[in-house]
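Each chain is listed here by its residues.
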Amino acid sequence: MAVNYRLKSGKLSLRTGHEKDGDGLSKSRIVVAGKGGVGKTTLTSVLSMLYLKEGRRVLAVDEDPQQNLAYSLGYPVEKSSELIPLSKNHDYIEEKIGARPGSGWGHIMKLNPDVSDVVERFGIRITDNLGLLVMGSVVSAGNGCLCPENALLKSILRHMRQRDDEVIIMDTQAGVEHFGRAMSGGFSKSVIVSEPSYNSLSVAVHSSKLSRELGISDVHLVVNKIRNEDDIEKSKRLIESESFSSVHFLPFDEDVLASEPNTGSLVKGTGSYVSAVRDLFSVINRDD
Ligand SMILES: Nc1ncnc2c1ncn2[C@@H]1O[C@H](COP(=O)(O)OP(=O)(O)OP(=O)(O)O)[C@@H](O)[C@H]1O
């Protein structure tokens, strides 16, 4: 099956805010976005593991309310009650923002608090080189509610410490608010995941435009769960109007479903999905 097709019109390596550490290794910050259920968490997890295999440190950030990234990375499901997202940690929110969620109006909120301690205090160490921060999200009718939870999440992305040679990779909820937060947090690349359907690709094209408008211009598209050549041809037509840094087609692979919830076994294998993700991995890191 054809995978990792790259659009001729695609621009490569437009980057902003891309830091290098003392050894010249890139301090990448990657945001993974897309419609619900398209495969964002699985991909975030497999990419994280590929970075680990290269000897990099990874801080995986879960901004998806489904909160499945932990299990996908190997955190025991039996310990789920210990996974409290930061958006629900009311004591920390009050300590940093000066207001408790749900405490009503009339408080003066600190909008730029020092949250550089967040990874040390609340990060979950899954392995020596793999940390996880479960952010959670704020469900609100409109975008960007001015509530203490949102103020905290925004500050965390802006100020969380990134260690030398560490990659930060963030799994997001469906929607677009996270691009604003990611940009203010210095994210340099977005990986937009879609299925090969009209609705899903429309969201992907819209997300790509927003990502660029909000300052993240290195945008890679992943069309996941490809079952045949028709899926590829249809997808190419539907994304014609948009230019991506690269476009990748990942096959539908029963092994992915069988591996749930922990993607560890996938990465050890040579199945069609993980092989295609390895190609994606080398393209998104090509210029780092
Ligand atoms: N290439 C693939 N082949 C087969 N199944 C896949 C593939 N990629 C992901 N899946 C399956 O699709 C389902 C959704 O995947 P995942 O949870 O990663 O998506 P998501 O975008 O993070 O979802 P949500 O938005 O609900 O958090 C899972 O059951 C996963 O195993």
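Refer to the preceding data block for the structure.
Here's a quick rundown of the structure.

What counts and how
All residue numbers here refer to positions counted from 1 along the written sequence of the relevant chain. Local features in this predicted model are restricted to residues of pLDDT 70 or higher, and side-chain atom pairs are both shown and tallied only at a pLDDT of 80 or more, whereas totals for entire chains, interfaces and linings draw on every residue. Only hydrogens and water are removed before side-chain values are computed, so all heavy atoms of the structure are retained for them. Between any two strands, pairing holds if DSSP finds at least two bridges. Every helix listed is a DSSP run of H or I at least four residues long, and every strand listed is a run of E at least two residues long, numbered separately from the N terminus. As a rule, the C-alpha atoms of each element are fitted with a line to give its axis, helices using only the stretch in contact, and angles between N-to-C directions run from 0 to 180 degrees. Residues are treated as being in contact if the distance between any of their heavy atoms lies within 4.5 Å. Multiply 1.5 Å by the residue count of a helix minus one, and that product is the helix's expected span. Relative accessibility under 20% of the residue-type maximum defines a buried residue, over 50% an exposed one, and the middle range a partly exposed one, all with a 1.4 Å probe and only protein chains included. Two rings from Phe, Tyr or Trp (for Trp, the six-membered ring) form a pair when their centres are within 6.5 Å of each other. A pair whose planes differ by under 30 degrees is stacked, one over 60 is edge-to-face, and the rest are tilted. Identification of polar contacts relies on pairs of N or O atoms within 3.5 Å, with a donor-acceptor requirement for protein atoms, meaning one able to donate a hydrogen and the other able to accept it, and with residues adjacent in sequence counted only if both atoms are side-chain atoms. In these notes, residues near a molecule or strand are those with any non-hydrogen atom within 4 Å of it. Every accessible area reported is derived by Shrake-Rupley at a probe size of 1.4 Å, with residue values counting cover from the shown protein chains alone. Residues are grouped as follows: nonpolar covers Ala, Val, Leu, Ile, Met, Phe, Trp, Tyr, Cys and Pro; charged covers Asp, Glu, Lys and Arg; every other residue, Gly included, is treated as polar.

1. Side note on the sheet that holds strand 7 (residues 218–226)
Next, step 1: The strand order across the open sheet built from eight strands is 3-4-2-5-1-6-7-8, with neighbouring strands paired in mixed fashion. Each having just a single partner strand, strand 3 (124–127) and strand 8 (246–251) make up the two edges of the open sheet. Taking each pair of neighbouring strands and ignoring which way they run, the sheet shows an average axis angle of 20 degrees.
Next, step 2: Of the pairings in the sheet, the one linking strand 1 (residues 29–34) to strand 6 (residues 189–194) comprises five bridges and is parallel in character. Bridge pairing in strand 6 places Val31 opposite Ser190.
Next, step 3: Packed onto the sheet, helix 7 (residues 198–213) meets strand 6 and strand 7 and runs at close to 170 degrees relative to strand 6.
Next, step 4: Together, strand 6, strand 7 and strand 8 form the strand contacts of helix 11 (residues 272–284), whose direction differs from that of strand 8 by roughly 165 degrees.

2. Comments concerning helix 7
Next, step 1: Taking 1.5 Å per residue as the helical rise, helix 7 with its 16 residues ought to reach 22 Å, and the 23 Å between its terminal C-alpha atoms agrees with that figure.
Next, step 2: Taken together, the buried positions of helix 7 are Ser200, Leu201, Ala204, Val205, Ser207, Ser208, Leu210 and Ser211.

3. Topic: the pairing of strand 2 (residues 57–62)
Consecutive side chains along a regular strand alternate between the two faces of the sheet.
Next, step 1: In terms of burial, strand 2 is largely enclosed, as five of its six residues are buried.
Next, step 2: As judged from the six bridges shared by strand 2 and strand 5 (residues 166–171), these two strands associate in the parallel manner. Its bridge partner lying in strand 5, Val58 is registered against Val167.
Next, step 3: Sheet topology note: the strand 2/strand 4 (residues 130–134) ladder contains five bridges and is parallel. Paired with Val61 across the bridge in strand 4 is Leu133.

4. Points about the packing of aromatic side chains
Each aromatic ring pair is described using two quantities: the centre-to-centre distance and the angle formed by the ring planes.
Next, step 1: This structure, assessed with the given rule, holds two aromatic pairs.
Next, step 2: Summarising the aromatic geometry, the rings of Tyr51 and Phe281 are spaced 4.7 Å apart at their centres and angled 70 degrees between planes, so their arrangement reads as edge-to-face. Of this pair, Tyr51 sits in helix 1 (residues 40–53) while Phe281 is found in helix 11, placing the two residues 230 residues apart along the sequence.
Next, step 3: Here the aromatic rings of Tyr92 and Phe122 are separated by 4.7 Å at their centres, their planes lie at 65 degrees, and the arrangement is edge-to-face. Separated by 30 residues along the polypeptide, Tyr92 in helix 3 (residues 90–97) and Phe122 in helix 4 (residues 118–122) bring together distant segments of the chain.

5. Side note on the environment of Glu242
Next, step 1: Along the chain, Glu242 falls in the loop between helix 8 (229–238) and strand 8.
Next, step 2: Polar side-chain contacts of Glu242 include one of 2.6 Å to the side chain of Ser208.

6. Let's talk about the site of the ligand
Next, step 1: Lining the immediate surroundings of the ligand are 19 residues, of which Lys40, Thr41, Thr42, Asp64 and Glu260 lie closest.
Next, step 2: Asp64 is positioned with one of its side-chain polar atoms (N or O) 2.5 Å from an oxygen atom of the ligand.
Next, step 3: Between the ligand and Asn224 there is a distance of 2.9 Å, counted from a nitrogen atom to a side-chain nitrogen or oxygen.
Next, step 4: A total of 640 Å² of accessible area belongs to the ligand in isolation, and the protein chains cover 84% of it.
Next, step 5: Top element by residues in the shell around the ligand is helix 1. It accounts for three residues.
Next, step 6: Taken together, the residues that form the shell around the ligand break down as six nonpolar, seven polar and six charged.

7. A look at helix 5 (residues 148–159)
Next, step 1: With 12 residues, helix 5 extends 16 Å between its outermost C-alpha atoms, agreeing within 8% with the 16 Å of an ideal straight helix rising 1.5 Å per residue.
Next, step 2: Among the 12 residues of helix 5, nine are classified as buried, and the element is accordingly described as predominantly covered.
Next, step 3: Three or more residues of helix 5 are buried, namely Pro148, Glu149, Asn150, Ala151, Leu152, Leu153, Ser155, Ile156 and Leu157.

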